[in-house]
Every structure is written in structure tokens, then in C-alpha cells.
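Observations on the model geometry
Residue-level listing of the chains:
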Amino acid sequence: AQSVSQHNHHVILSEAASLELGCNYSYGGTVNLFWYVQYPGQHLQLLLKYFSGDPLVKGIKGFEAEFIKSKFSFNLRKPSVQWSDTAEYFCAVNAGGSQGNLIFGKGTKLSVKP
Amino acid sequence: GAGVSQTPSNKVTEKGKYVELRCDPISGHTALYWYRQSLGQGPEFLIYFQGTGAADDSGLPNDRFFAVRPEGSVSTLKIQRTERGDSAVYLCASSLAGTADYEQYFGPGTRLTVT
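Now for a look at the structure at hand. (Residues numbered from 1 in each chain as written. Chains lettered and ligands numbered in written order. Predicted model: local features only at pLDDT ≥ 70, side-chain atom pairs only at ≥ 80, totals over all residues. Heavy atoms only, no water.)

A short note on the overall build of chain A
Inclusion rule: Strands are runs of DSSP state E lasting at least two residues, helices are runs of H or I lasting at least four, and both sets are numbered from the N terminus onward. A radius of gyration in this sense is built from C-alpha atoms; the matching globule rule multiplies 2.2 Å by the number of residues raised to 0.38. Each residue is assigned to one of three classes by its accessible area relative to the maximum for its type, calculated with a 1.4 Å probe on protein chains only: buried under 20%, partly exposed between the two thresholds, exposed over 50%. Throughout, a contact is declared for two residues whenever any of their heavy atoms are within 4.5 Å. In this description, accessible areas are obtained by the Shrake-Rupley approach with a 1.4 Å probe, and a residue is regarded as covered only by the protein chains that are shown.
A count of helices and strands for chain A gives zero helices and twelve strands. Ordering the α and β elements of chain A from the N terminus gives β-β-β-β-β-β-β-β-β-β-β-β. For 114 residues, the compact-globule estimate of 2.2 N^0.38 gives 13 Å, and chain A sits close to it at 14 Å. C-alpha atoms of chain A, sized along the principal axes, occupy 40 × 25 × 20 Å. Taken over 114 residues, chain A has a buried fraction of 45%. Across chain A, contacts joining residues at least 24 apart in sequence account for 54% of those joining residues at least 6 apart. Working note: accessible area of chain A is about 5,500 Å², and carbon and sulfur atoms make up 52% of it.

As for the interface of chain A and chain B
Heads up, the condition is: Here's the idea: put two parts together, see how much 1.4 Å probe accessible area each one loses, and the total over both is what we call buried area. When a carboxyl oxygen of Asp or Glu lies within 4 Å of a side-chain nitrogen of Lys or Arg, that pair is called a salt bridge. Any N or O atom pair separated by 3.5 Å or less is treated as a polar contact, with the protein-specific requirement of one donor-capable and one acceptor-capable atom, and with residues adjacent in sequence counted only for side-chain atom pairs. Just so you know the grouping, Ala, Val, Leu, Ile, Met, Phe, Trp, Tyr, Cys and Pro go in nonpolar, Asp, Glu, Lys and Arg go in charged, and all remaining residues, Gly too, go in polar.
Contacts between the two partners involve 19 residues from chain A, matched on the other side by 22 residues from chain B. Here chain A meets chain B over a buried area of about 1,600 Å², counting both sides, of which 56% is carbon and sulfur. It is A:His43, A:Leu44 and A:Gln99 in chain A that bury the most area against chain B; as a group they hold 27% of the surface buried on that side. In this assembly, chain A and chain B are joined by zero salt bridges. On inspection of chain A and its partner chain B, the count reaches two residue pairs in polar contact (both at pLDDT 80 or more). Residue assignment for the side of chain A that touches chain B shows that the elements contributing at least two residues are strand 5 (32-38), strand 6 (44-50) and strand 10 (87-94) of chain A. Sorting elements by how many residues they give to the side of chain A that touches chain B places strand 5 of chain A first, with four residues. For the side of chain A that touches chain B, the per-class residue count stands at eight nonpolar, nine polar and two charged.

Remarks on the sheet that holds strand 7 (residues 65-68) of chain B
Residues and elements named next belong to chain B. To be explicit about the condition: Any two strands with at least two DSSP bridges between them are considered paired. Each axis is a line fitted through C-alpha atoms, and for a helix only the stretch in contact is used; angles between axes span 0 to 180 degrees, taken between their N-to-C directions.
The strand order across the open sheet built from four strands is 1-3-8-7, with neighbouring strands paired in antiparallel fashion. Both outer strands of the open sheet, strand 1 (5-7) and strand 7, are each paired with one neighbouring strand and no more. Between one strand axis and the next, the sheet turns through 15° on average, direction left out of account. Taken together, the four bridges between strand 7 and strand 8 (residues 75-79) define a ladder with antiparallel strand orientation. Directly across from Ala67, in strand 8, lies its bridge partner Leu77.

Description of the state of the cysteines
Residues and elements named next belong to chain A. Selection rule: Cysteine sulfur atoms that pair up within 2.5 Å are treated as a disulfide.
For the structure shown, the criterion picks out two disulfides over all chains. Through a disulfide, Cys23 is tied to Cys91; the S-S separation comes to 1.9 Å. Judged by the torsion about the S-S bond (-65°), the Cys23/Cys91 disulfide is left-handed. Here Cys23 is found in the loop between strand 3 (19-21) and strand 4 (24-26), whereas its partner Cys91 is found in strand 10, with 68 residues between them in sequence. Comparing Cys23 with Cys91 shows no difference in burial state: the two are buried.

Brief notes about the nonpolar core
Note the following rule: For the purposes of this section, nonpolar cores are sets of buried Ala, Val, Leu, Ile, Met, Phe, Trp, Tyr and Cys residues that join through side-chain atoms within 4.5 Å.
Ranked by size, the top nonpolar core spans 28 residues in total, and within it A:Leu33, A:Trp35, A:Leu48, A:Phe74, A:Leu76 and A:Tyr89 carry the most contacts. Elements supplying a minimum of two residues to this core: strand 2 (10-14), strand 3, strand 5, strand 6, strand 8 (64-68), strand 9 (73-78), strand 10 and strand 12 (108-113) of chain A. For this core, the leading source of residues is strand 10 of chain A, giving four residues. In this structure, B:Trp34, B:Phe49, B:Tyr90 and B:Leu112 belong to the second largest nonpolar core, which totals 20 residues.

Observations regarding unusual backbone geometry
A cis amide bond links B:Thr7 with the next residue in sequence, B:Pro8, at an omega value of -10°. Along the chain, B:Pro8 turns up in the loop between strand 1 and strand 2 (10-13). The phi dihedral of A:Lys61 falls on the positive side, at around 60°, and the residue is not glycine. Along the chain, the position of A:Lys61 falls in the loop between strand 7 (56-58) and strand 8. Phi at B:Arg81 is positive, roughly 45°, even though this residue is not glycine. Overall, the relative accessible area of 46% leaves B:Arg81 in the partly exposed class.

All we've got here are geometric facts, nothing functional implied.
Below you can see the structure in the form of C-alpha cells.
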């Protein structure tokens with residue numbers, strides 16, 4: 001069965017620090033990869049996605065993620081975080097079939113200190 | 001425009017009771033998904049509708065759970081004989097179509113507490 005692992009449960013950073021959140025998935029076939037974000041009191045929203053092509057994808061608010069097929073990883077990065085990035089981040093996988101249902105990781109809570 | 005809405009926002013029920021959770025998707029979205037998020041976990045897929053039909057209900061945990069979407073718009077998730085382990089946030093998402101290249105828009109969720 002497919003699964004998604006997010007290594008960090010809670011990350012605390014100061015503003016301007018660099019961010020990298022780990023995500024690994026287990027699935028041998030073609031996958032579509034996503035990062036979702038949930039700001040405090042708000043709905044889950046899409047941050048970025050990878051389907052094919054350039055393995056380095058850029059999303060909203062300065063976030064990017066790199067797909068490394070050999071490592072089954074899709075880590076999320078941001079060079080300089082802001083207090084407004086405080087949120088919970090979820091990595092998700094879709095098995096690339098005809099349906100869009102997603103398998104999510106447990107999430108990483110990011111707290112940015114001003 | 002209006003996003004995905006879910007009602008009620010909170011539901012407290014006693015063990016053994018029946019509950020219905022409603023999802024209003026974005027107008028024109030043919031695909032609708034239900035997920036369940038337990039404390040400390042990510043959302044877990046329950047069921048996917050394409051139009052009126054349940055295209056994939058493999059995530060429903062047991063036969064106490066059932067969902068309908070009779071007119072291809074509003075969906076209702078029904079839970080019979082609720083158990084304390086059913087306590088979670090139930091999320092609904094909709095998208096223009098049912099493949100992964102169409103973004104899923106999530107609602108605010110219904111927090112179900114079974115006492």
C-alpha cells in the first residue's frame with residue numbers, strides 16, 4: 001500500500017531562517033506529488049504540485065520542492081521563512097491513475113518566531 | 001466565488017447514534033472527495049464521487065459509513081451506530097474533474113465528537 005512519511009512533527013524556526021521539510025513516499029509506479037498548507041483557522045490549500053518534467057517545482061509564497069525519484073522524496077524548501085509561514089504542512093501522493101484521491105502524510109507543524 | 005462549505009461545523013453525538021454530515025461543493029465541480037482527519041494525523045481518503053456515482057469507496061472503514069450524492073452536487077456522509085473512534089474532522093473537497101491534475105479545494109471540515 002502507498003504511504004507518505006513526514007519526518008518532522010514540529011519545526012520551530014526564527015524569521016529569515018531557511019526551511020526544509022522532508023517527505024518520502026512508498027510507491028513504485030508513477031506518482032503525482034503535492035504539498036498542502038493549512039494556516040491557523042483556515043482550510044487546507046494547495047502549495048505546489050509535481051506531475052512530470054522539471055523535478056524542481058515552484059509554488060506560491062516562495063516555496064519550492066524537489067522530486068528525487070531515486071530517493072522517493074519530495075522535500076519542501078524555502079530560503080527565508082516569515083512569521084506568516086506559521087502553519088501545518090502536508091505532503092500528499094496520488095498514484096497517477098484516473099482518480100485524484102490523495103494519500104497524505106501526518107503533517108509537519110511549522111512555528112516561525114518573529 | 002463561494003468555496004466548499006460543510007455543515008455542521010461541529011457535531012457532538014452520543015455513542016450509538018446516527019449522524020449526517022453535509023458537503024456543498026464548488027458549483028460546477030464534478031468530483032467530490034471525503035477525507036477523515038484524526039488528531040495528529042493527515043487526512044485519510046474515504047470516498048470519491050464522479051458525478052452522482054461513488055467511483056471509489058475503498059477508504060470507507062466499515063459498513064457503518066455510507067455517502068450519497070444524488071444530484072451530483074451536494075453530498076451527505078452518513079455514519080450509523082457511531083463509536084468513539086469515529087471522532088475526527090471530516091473534510092470534503094471538490095475539483096472540476098476527478099483526475100489528480102485538477103486541484104482539490106477543501107472545505108473547513110466538520111468536527112465530529114462521539115461521547
